[in-house]
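Observations on the three-dimensional arrangement
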Amino acid sequence: MQIVFIVIGILVFSSFAVAVFDRVLNFGNIAGMALGVLYAVFGLFIHKLDSLNQILCAVIAFCILVLIAVKMREIYQSGRTDVKDQQVIIVLGCRVRGDVPSRALVKRVDAAYTFLLRNPGSVAILSGGQGRDENLSEAACMQQLLYDRGILKDRLILEDRSTSTDENIRFSAEIMARLGLGNEAAIATSEYHQKRAKLICRRYGLNVSAVSSKTKWTLLPTFLFREMFALVKESMVK
């Protein structure tokens, strides 16, 4: 049993640490690596417990892992693309390094581009403000990427004030109301982000479907684990 938990700890730590090589370091992989260390340390010292407590602690530890795996799978599956024939797509922003879009942002734009091609009468609300280390807003960056691919600017509506997912959606909903675009929309974002985005959309009266971009598999554990905590926080918002 000692070896089992040490191996589990190493595997858990590694699955989150690999994201660092892609320049990703956030609460998700920091917490995930800490969890891996905790399991490895537990494995090192479990032999100091009596037999009954070893079994009890081992069962609890396995149940925690199973619960985490189930919740992460649930978040991932909720990100399946289920788009209908909406005339509006809201594209949620992601980090821009200087004036270079992150891989995640490019993939979200890719997903939105495909939607816009398939729905020539639709418009896109590009949502994302400008961070301190960004030379332009995420919305402006997305606009340029889509314009360079041939999407006319009159189909691209900028929402460049938001600094969070909640603001992305709230400000986009305000734009839709102001322009008389109704409350039906598609949401273009990463698959791990869709569950929380839909939760926030319901709060602001939007009826949405998903247009999901795919995340590099080595980064998925990090972002799915982070989303678990973000969803708990979101569920507490009235």
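Small disclaimer: the values here were computed from a predicted structure and weren't measured. (Residues numbered from 1 in each chain as written. Predicted model: local features only at pLDDT ≥ 70, side-chain atom pairs only at ≥ 80, totals over all residues. Heavy atoms only, no water.)

**A few points about the confidence of the model for the chain**
Close reading of the predicted structure is inappropriate where its pLDDT is low. The condition is simple: Values of pLDDT, which run from 0 to 100, indicate the predictor's confidence residue by residue. Numbering of helices and strands runs from the N terminus, with a helix taken as a DSSP run of H or I at least four residues long and a strand as a DSSP run of E at least two residues long.
Mean pLDDT over the chain works out to 94, with 100% of the residues at or above the 70 mark. Strand β4 (residues 123-127) holds the highest mean pLDDT among the elements of the chain, 98, whereas strand β2 (residues 96-97) holds the lowest, 91.

**Looking at the pairing of strand β5 (residues 156-159)**
Spelled out, the test is: Any two strands with at least two DSSP bridges between them are considered paired.
Where β4 meets β5, four bridges bridge the pair, whose relative direction is parallel. Counted as the bridge partner of I125 is I157 from β5.

**Here's the deal with the environment of I157**
One can find I157 in strand β5. A C-alpha to C-alpha distance of 6.0 Å links I157 and A124, two positions 33 residues apart in sequence.

**Structural notes on the packing of helix α3 (residues 51-77) against helix α8 (residues 220-235)**
The geometry of a pair of packed helices is captured by two quantities: the angle between their axes and the separation between those axes. Applied cut-off: Orientation is described by lines fitted to C-alpha atoms, with helices fitted over the stretch in contact, and by angles between N-to-C directions that extend from 0 to 180 degrees. Working rule for angles: under 35 degrees goes down as roughly parallel, over 145 as roughly antiparallel, 65 to 115 as roughly perpendicular, anything else as oblique. In what follows, a contact means two residues having at least one pair of non-hydrogen atoms within 4.5 Å. For this classification, Asp, Glu, Lys and Arg are treated as charged, while Ala, Val, Leu, Ile, Met, Phe, Trp, Tyr, Cys and Pro are nonpolar and the rest, including Gly, are polar.
Contact geometry of α3 with α8 gives a least axis separation of 9 Å together with a crossing angle of 95 degrees. The orientation of α3 with respect to α8, classified from their angle, is roughly perpendicular. On the side of α3, the interface is formed by I68, K71, M72, I75 and Y76, while α8 contributes L220, P221, L224, F225, E227, M228 and L231. Among the residues forming the contact of α3 with α8, the class breakdown is ten nonpolar, no polar and two charged.

**Re the side chain of Q194**
As a reminder, the rule being used: Any N or O atom pair separated by 3.5 Å or less is treated as a polar contact, with the protein-specific requirement of one donor-capable and one acceptor-capable atom, and with residues adjacent in sequence counted only for side-chain atom pairs.
Looking at the element boundaries, Q194 is found in helix α7 (residues 194-203). Reaching out from Q194, the side chain makes a polar contact with the backbone oxygen of V211 at a distance of 3.4 Å. Look past the residues within four positions of Q194 in its chain and what remains in contact with it is S78, G79, I187, T189, A210, V211 and S212.

**Description of a nonpolar patch on the surface**
So the rule is basically this: Patch building starts from residues that exceed 30% relative accessible area and form no salt bridge, then joins like charges within 9 Å and nonpolar side chains (Val, Leu, Ile, Met, Phe, Trp, Tyr) within 5 Å. Residue exposure ignores everything except the shown protein chains as possible cover, and the areas themselves are Shrake-Rupley values with a 1.4 Å probe. Should a side-chain nitrogen of Lys or Arg be within 4 Å of a carboxyl oxygen of Asp or Glu, the pair is scored as a salt bridge.
Judged by side-chain polarity, F13, V37, V41, L44 and F45 come together as a nonpolar surface patch covering roughly 420 Å² of accessible area. For the nonpolar patch, the element with the most residues is helix α2 (residues 27-45), which contributes four residues. Relative to the helices and strands, L44 resides in helix α2.

**What about the sheet that holds β4?**
Read from one edge to the other, the open sheet built from five strands follows the order β5-β4-β1-β6-β7, with strand pairing classed as parallel. Each end of this open sheet is capped by a strand with a single partner; those strands are β5 and β7 (207-213). When the angles between neighbouring strand axes are averaged without regard to direction, this sheet yields 25 degrees. Pairing of strand β1 (residues 88-92) with strand β6 (residues 184-190) involves three bridges; the strand directions are parallel. What sits directly across from V91, in β6, is A188. Against the sheet, helix α5 (residues 138-148) makes contact with β1, β4 and β5, and its axis sits at roughly 165 degrees relative to β5, the strand it touches most. Packed onto the sheet, α7 meets β1, β6 and β7 and runs at close to 160 degrees relative to β7.

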